[in-house]
Amino acid sequence: AMTEVMPTDFADVKVAETIIPGCTIVLKDSDGAERTVHLLGIWDNNPAESILSFDTPLGKALIGKIQGEEVELPDGKKTAVAAVQPLDEAMLRWVKGE
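Everything in this summary refers to the structure shown in the same document. (Residues numbered from 1 in each chain as written. Predicted model: local features only at pLDDT ≥ 70, side-chain atom pairs only at ≥ 80, totals over all residues. Heavy atoms only, no water.)

## A few points about the sheet that holds strand S1 (residues 23-29)
Going by this rule: Between any two strands, at least two bridges found by DSSP are needed for them to pair. Secondary structure counts use DSSP, requiring at least four H or I residues in a row for a helix and at least two E residues in a row for a strand, with both numbered from the N terminus. For every element, the axis is a line fit to its C-alpha atoms; helices are fit only across the contacting stretch, and the angle between N-to-C directions ranges from 0 to 180 degrees. The contact rule is simple, with two residues in contact once any of their heavy atoms fall within 4.5 Å.
If you walk across this open sheet you meet the 5 strands as S3-S2-S1-S5-S4, and the pairing is mixed. For this open sheet the edge positions go to strand S3 (51-53) and strand S4 (70-72), each flanked by a neighbour on one side alone. Adjacent strand axes in the sheet meet at a mean angle of 40 degrees, parallel and antiparallel pairs treated alike. The sheet contacts of helix H2 (residues 89-96) involve strand S2 (34-40) and S3, and relative to S2 the element is tilted by about 35 degrees.

## Observations concerning the pairing of strand S5 (residues 78-86)
Here 7 bridges tie S1 to S5, and the two strands are oriented antiparallel to one another. Within S5, the position partnered with Leu27 by the bridge is Val81. Note: S4 against S5, 3 bridges, orientation antiparallel. The residue of S5 that forms the bridge with Glu72 is Lys78. Linking S4 back to S5 in an antiparallel pair, the connection comprises 5 residues, with Gly76 at a positive phi of about 95 degrees.

## As for the pattern of salt bridges
As a reminder, the rule being used: Here, a salt bridge means any Lys or Arg side-chain nitrogen found within 4 Å of an Asp or Glu carboxyl oxygen. Working definition: with a 1.4 Å probe on protein chains only, accessible area under 20% of the residue-type maximum means buried, over 50% means exposed, and in between means partly exposed.
Tallied over the full model, the rule gives 5 salt bridges. Measuring nitrogen to oxygen at the nearest pair gives 3.7 Å for the salt bridge that ties Lys60 to Asp55. Looking at Lys60, the relative accessible area reads 52%, which means it is exposed. For Glu72, the salt bridge goes to Lys78, with nearest N and O atoms at 3.2 Å.

Here it is, written out as structure tokens:
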């Protein structure tokens, strides 16, 4: 049995409406501003590229939420999950280190 935590390239992740590691999330703030974040693995964290580890405070707030749900952010603000999408090709390449 594999007991080590292995990096994943998320290629086989099936994204539905629930936020899981390996998906792209569009968040819509109460003022209408939208932002996109990519929720990835525990070691993937690059805020400048909107890449978020699921183990960050924001990642933990988002995981398991579903499209249309309101989320309370770590700073106390609220945002809505506007969309949950599969990672795009560029992000899948980034995860593979290409």
